[in-house]
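If you want the building blocks of each chain, they are given just below.
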Amino acid sequence: MYRPKEANHLNTPIRLQKRKSTRVSGAPEITYEEAQDDVIFCSFKTYGGTDSISNGSLVILNTATIVTWYRQDIQGSDRIINLQDNSIWVVLGEPENVDMLNQFLIFKVEKISGGA
């Protein structure tokens, strides 16, 4: 059985917010609701951001990889709040259920931050 090495250090507290989409005057309105569990502990690793060029400007996207215990309610487009610094991150793609054992999840997140 495969156990990610990051699973040995699940010590970063995060909170899950579930994405909710409703229609207001025919247009989608996105809101986020707190998940039922208060705190989830995970391994939260950043890698210095990803460089990209957008409209001729250098943009650095802050990304991280999260490893945590399996939870079927974590899905793409949900949000994660890192409780150490209250930063907000959006889940990219669908989380990977490691070896389909329902034991660990690995997923990528991207930081939501204001721009100029």
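No experiment lies behind these values; they were computed from the predicted model shown.

What counts and how
- Residues numbered from 1 in each chain as written.
- Predicted model: local features only at pLDDT ≥ 70, side-chain atom pairs only at ≥ 80, totals over all residues.
- Heavy atoms only, no water.
- Helix = DSSP H or I, 4+ residues; strand = E, 2+ residues; numbered from the N terminus.
- Buried < 20%, exposed > 50% of the residue type's maximum accessible area, 1.4 Å probe, protein only.
- Phe/Tyr/Trp six-rings, centres within 6.5 Å; stacked < 30°, edge-to-face > 60°.
- Lys, Arg positive; Asp, Glu negative; His and termini not counted.
- Salt bridge = Lys/Arg side-chain N within 4 Å of Asp/Glu carboxyl O.
- Contact = heavy atoms within 4.5 Å.
- pLDDT = per-residue confidence, 0-100.
- Patch = residues over 30% accessible without salt bridge, like charges linked within 9 Å, V, L, I, M, F, W, Y side chains within 5 Å.
- Areas by Shrake-Rupley, 256 points an atom, 1.4 Å probe, with all protein chains shown as cover.

Caption draft 1: Inspection of the overall build of the protein chain at higher detail. Scanning the protein chain from terminus to terminus reveals zero helices and nine strands. When its helices and strands are written in sequence order, the protein chain yields β-β-β-β-β-β-β-β-β. Each principal axis of the C-alpha atoms in the protein chain carries an extent, and together these give about 45 × 35 × 25 Å. In the protein chain, buried positions account for 34% of the 116 residues.

Caption draft 2: Looking closely at the packing of aromatic side chains. A complete count under the given rule lists two aromatic pairs for this structure. Considering the side-chain rings of Phe-44 and Trp-89, the 5.1 Å spacing of their centres and the 80° angle between planes classify their relative orientation as edge-to-face. Of this pair, Phe-44 sits in strand 3 (residues 40-46) while Trp-89 sits in strand 8 (residues 87-97), and the two are 45 residues apart along the sequence. There is no split in this pair, since Phe-44 and Trp-89 are both buried. Between Trp-69 and Phe-104 the ring centres are 4.9 Å apart and the planes differ by 20°, which places this aromatic pair in the stacked class.

Caption draft 3: Summary view of the side chain of Glu-6. Checked against the element boundaries, Glu-6 lands in the segment before strand 1 (12-24). Here Glu-6 occupies a buried position and makes no salt bridge, while the nearest side chain of opposite charge, Lys-5, is found at 5.0 Å. Contact partners of Glu-6, with chain neighbours within four places excluded, come to Ser-43, Lys-45 and Val-67.

Caption draft 4: Examining the confidence of the model for the protein chain more closely. Model confidence for the protein chain is summarised by a mean pLDDT of 90, while 97% of its residues fall at 70 or above. For the protein chain, the element scoring lowest by mean pLDDT is strand 4 (residues 50-54), at 77; strand 7 (residues 79-82) scores highest, at 96.

Caption draft 5: The arrangement of unusual backbone geometry in detail. Backbone geometry places Ser-77, a non-glycine residue, at a positive phi of 80°. The residue Ser-77 is located in the loop between strand 6 (63-69) and strand 7 in this model. A positive phi is found at Asp-99, a non-glycine position, where the angle reads about 55°. Here Asp-99 is to be found in the loop between strand 8 and strand 9 (104-112).

Caption draft 6: Structural context of the pattern of salt bridges. In total, this model carries four salt bridges according to the counting rule given. Residue Asp-73 pairs with Arg-71 through a salt bridge whose shortest N-O separation is 2.7 Å.

Caption draft 7: Just a nonpolar patch on the surface, in detail. A grouping of Ile-53, Leu-58 and Ile-60 is seen on the molecular surface, where their side chains present a nonpolar patch of about 330 Å² in accessible area. Looking at the secondary structure, you find Ile-60 in strand 5 (residues 57-61). Ile-60 gets classed as partly exposed once you look at its relative accessible area, which sits at 49%.

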